[in-house]
Amino acid sequence: MGVWLKKDAYVGHLRKVILCFLIVCMAMLVDTDQDFYSLLGVSKTASSRQIRQAFKKLALKLHPDKNPNNPNAHSDFLKINRAYEVLKDEDLRKKYDKYGEKGLADNQEGGQYESWNYYRYDFGIYDDDPEIITLDRREFDAAVNSGELWFVNFYSPGCSHCHDLAPTWRDFAKEVDGLLRIGAVNCGDDRRLCRMKGVNSYPSLFIFRSGMAAVKYHGDRSKESLVSFAMRHVKSTVTELWAGNFVNAIQTAFAAGIGWLITFCSKEGDCLTSQTRLRLSGMLDGLVNVGWMDCATQANLCTSLDITTSTTAYFPPGATLHNKEKSSVLFLNSLDAKEIYLEIMHNLPDFELLSADTLEDRLAHHRWLLFFYFGENGNSTDPELKKLKTLLKNEHIQIGKFDCSSAPAVCSDLYVFQPCLAVFKGQGTKEYEIHHGKKILYDILAFAKESVHSHVTTLGPQNFPANHKEPWLVDFFAPWCPPCRALLPELRKASKHLYGQLKFGTLDCTVHEGLCNMYNIQAYPTTVVFNQSNVHEYEGHHSAEQILEFIETLAGLITVGSIDCQQYHSFCAEENVQRYPEIRFFPPKSNKGYQYHSYNGWNRDAYSLRIWGLGFLPQASIDLTPQTFNEKVLQGKNHWVVDFYAPWCGPCQNFAPEFELLARMIKGKVKAGKVDCQAYAQICQNAGIRAYPTVKLYPYERAKRNTWGEQIDSRDAKEIANLIHEKLESLQKDGKRNKDEL
C-alpha cells in the first residue's frame, strides 16, 4: 500500500512539473507574440511608410469602436498602438531592437488612441499615393536640398481644409509627375519640423529648390492654379527654330554633348501643343534642348530635312541633319509628354564604363559616383538616373559604372559583393563610401552631395582602426536596418564638424560578421568610439547634434576612461569595485582617488550620463537677484533665458541639469539665469509665474523689455535651444527689413 501511495505521489508531482512546464512554455509563446514587429505583421526591415500602412490596416480592423462585443478589444488595441509608437520612432526602435521592452522603461506612451474615424480618414493621408512622397524630419532637408524641385504640402490630420485639398493634390501630383517632386509632411507627427519651416496654418504649400528660399503658395486650390504656379518655377525654355538660327543652335548644343528635341508643325498631322513642349523642356532640363519649327514659314528648311507632315524628332549629338535614312534621328509618334520623355531617356547615352586597368588612376584625380554591377543582367539602370550627370555637375562629380564580373578581385577589395553604388572622394580607392539608401534619384543625389563633402569612409578588415593612434567613431550597422540607414546622413553631418578631431567609418556587419562578433555587436546600429586602447559605446539619440554634443562636451569638460576589471582584477579590488558596470565621476583638480561620485541612475545611455556628469561641473547659469534681474535681464543688452523655480519643487530639481546643459549649448549667444521664486517671490509674481519650473526668453530688442518675457513650454535643452535660435533669427530678419525700409 505504501509503495502505491509513493507512486501516486510521484505521479502527482510529475503532473505538477509537466503542468508548470506547459505554463512556462505558454508564457514564452505569449511573450513571443508580443514582439512589436509580429504584432504589426511587418519585418525588421520595414520602412516608416510600411509600418504606418500596416498599423492603419490593423487599426481599422481591431479598433474597439468596431469590436464593441469583444471585452479584450481595448487591451488588444493598446498593444498594436504601443508597437506603432515605438517602431515609428527611430531612437525608440533602436533601443527596442537592442534591449527589447526593457530598454523602453522611460518611454511608456501608448495608453491613449484616437477614434476609428481618425484612422479611417485622417491617418497617413498620402501613404498610398505613389506620386506623393511623405517626408519625415530625418529625410526632409536631404530631399529638398538634393537639387530637384519640390512642391510640399504641410498638413494636419484633423484639418478639414487639408482633407478637402487631398483629391486635388493627388490629381495635381499625377499631372506634374516627372516635372517636379510632390511631397507631403504630416504636421501631426512632425510638429517640430513644421514649426522649424515656419508652418503655422494648414494646409501650407511650399516650393523648395536647393540654393533658393522656400516660396509659399497663396492662390486658390484648384489643380489648374497649382499647375500654373508650379510651371513658373520649372526651368522651361522652348526655342523657335528657323533658317537664321537653326544650324548654329544645333551645332552649339552638339558641341556641349546635348541633343535636340524638335517639333515640326505642318498643315498636315498633329504637332505637340505649346503646353506639352513646355512640359518636356522642364522634364528634360539640362539633358536635351527643346524647340519647334513652323513648316508653313520655313518650308524650304523642312523640305531639306525631309519633313512633309507634323512630327517630333530627337536629334542626338552628332546626328546627321540631312538625309534622315542614314542618321540616328529618333522620330516619335506619341503626343503625350510622359511617353516622349521616357523614350528619350532610354535613348540617352549610358554612364562611362571604367576598366580595372584604369580604375585607380581615374578615381585618384576626380570625384566619382560609381555604379557597380555584375554582368549584363545587372546592367539595367533606371533611365531617370541619367539626370545625375546634370544635377551633380556643380559638385564636380563624374558618373561611371564598373562591371564586377570582369574584375572580381577589385570589387572584393572594395567589399562590393552585390550591385550598389559608391562615392569616391578623389583619393583613389582609399576613401570612399557605399550607398545604402533608396535607389531613387533624389536619395542618390542627397547621398552624393553629402558624401563628397563629409569624411565618412567604408571600413573592412584591412583598414579597421583597432590600433590607430587617432580617435575613430565606428558605426556597426546592417543595410537592411531602417534606423541604421537613418543614422548615416547624421554621421556625415557630424564628420564635417569634427574633421581633424575624430575620424568616422562604417562597418557592414552583414559582410564583416567576424569583426562585429569580435566587438560583441548584438544590435544595429551600434556606434563605438575607439580612442587608442579605450573603447566607448555611444548610446545617445542618433542625430548629428547629439553626437556633437556628446563628443564635444565630454571631450572638452570630462575625460572618459574605462578599466577592464577582468584583466586588472587586483586594482578593482583595491578600489572596492563590487558590481559591474561601476561608473564613477572624479571631480576636476582632485588628486585623491577616493574622492568620487558613483552613478546610481537606472538609465545608462549617453544622454543620462552626460546630464549626471555635468551636474558636478561649475554652474554655467547665473543665479539672479531682484537687482541683477532688473539691471542685466530687463535693462541689459544681452539676450536672456531664465529658469523660474522653487527649491522644494521635484520637477524643478529634475529640470535643473537640463537647464545647465542648455546654458552650455547657448553660451556666447544667450545668457542663462535662474530665479529662486521662494527667495524672490516678487520677481516671479511680476513675471506672471504660476507654475514651477517656468522658462522664459527675454530677447534684446533695444526697447525696454517686458517683465513677462516670452514663455517657452519645452523642458528639453535641445528643443529650447532650437526655439531660441528660431526666435533670434526672426528678430534679425525683422531688424534688417526695418533698416531696409528706412
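Structural data are supplied above this passage.
The model shown is predicted, which means the values in this text are computed figures rather than measured ones.

Chemist: Whenever I open this one, unusual backbone geometry confuses me. Can you help?
Modeler: Glycine aside, a negative phi is what most residues show, and trans is what most peptide bonds show. Tyr202 connects to Pro203 through a cis peptide bond whose omega is -10°. Considering the arrangement of structural elements, one finds Pro203 in the loop between helix H9 (191-196) and strand S4 (204-208). Here Tyr524 and Pro525 are connected by a cis peptide whose omega angle stands at -10°. As for its position among the elements, Pro525 is in the loop between helix H20 (513-518) and strand S19 (526-531). At His396, a position not held by glycine, the phi torsion is positive, near 55°. Mapped onto the fold, His396 is located in the loop between helix H16 (388-391) and strand S13 (397-403). Phi is positive for Asn576, which is not a glycine, with a value near 60°. For Asn576, the position within the fold is in the loop between helix H22 (569-574) and strand S21 (584-585).

Chemist: What should I look at first to understand the environment of Val329 in this one?
Modeler: Following the sequence through the fold, Val329 ends up in the loop between strand S9 (311-315) and strand S10 (330-332). Val329 gets classed as buried once you look at its relative accessible area, which sits at 15%. Taking C-alpha positions, Val329 is 6.6 Å from Ala313, a pair spaced 16 residues apart along the chain. When residues no more than four places from it in sequence are discounted, the contact partners of Val329 are Ala313, Tyr314, Phe315, Pro316, Ala319 and Thr320.

Chemist: How do you make sense of helix H12 (residues 274-283) when you look at a structure like this?
Modeler: Since there are 3.6 residues in each turn of an α-helix, residues three or four apart along the chain are aligned in direction. Most of H12 is tucked away: 7 of the 10 residues are buried. At its buried positions, H12 is contacted by helix H8 (160-175), helix H10 (223-233), strand S6 (238-240), strand S7 (259-265), strand S8 (288-294) and helix H14 (337-347).

Chemist: Please explain the state of the cysteines as it appears in this structure.
Modeler: Linking two cysteines covalently via their sulfur atoms produces the bond known as a disulfide. This structure, assessed with the given rule, holds 9 disulfides. Bridging Cys404 to Cys411, the disulfide has an S-S length of 2.0 Å. Linking Cys404 and Cys411, the disulfide has an S-S dihedral of approximately -85° and is accordingly described as left-handed. Just as Cys404 is buried, Cys411 falls in that class too.

Chemist: When you look at the pairing of S9 in this model, what are you seeing that I'm missing?
Modeler: Regular strands place their side chains on alternate faces of the sheet. With respect to burial, S9 is a largely interior element, 5 of its 5 residues being buried. Across 5 bridges, S7 lies against S9 in antiparallel orientation. In the sheet register, Ile262 faces S9, and the bridge partner there is Ala313. Bridging between S9 and S10 involves 3 bridges; their strand directions are antiparallel. What sits directly across from Tyr314, in S10, is Leu330.

The rules behind each value
- Residues numbered from 1 in each chain as written.
- Predicted model: local features only at pLDDT ≥ 70, side-chain atom pairs only at ≥ 80, totals over all residues.
- Heavy atoms only, no water.
- Helix = DSSP H or I, 4+ residues; strand = E, 2+ residues; numbered from the N terminus.
- Buried < 20%, exposed > 50% of the residue type's maximum accessible area, 1.4 Å probe, protein only.
- Contact = heavy atoms within 4.5 Å.
- Disulfide = S-S within 2.5 Å.
- Pairing = 2+ DSSP bridges.

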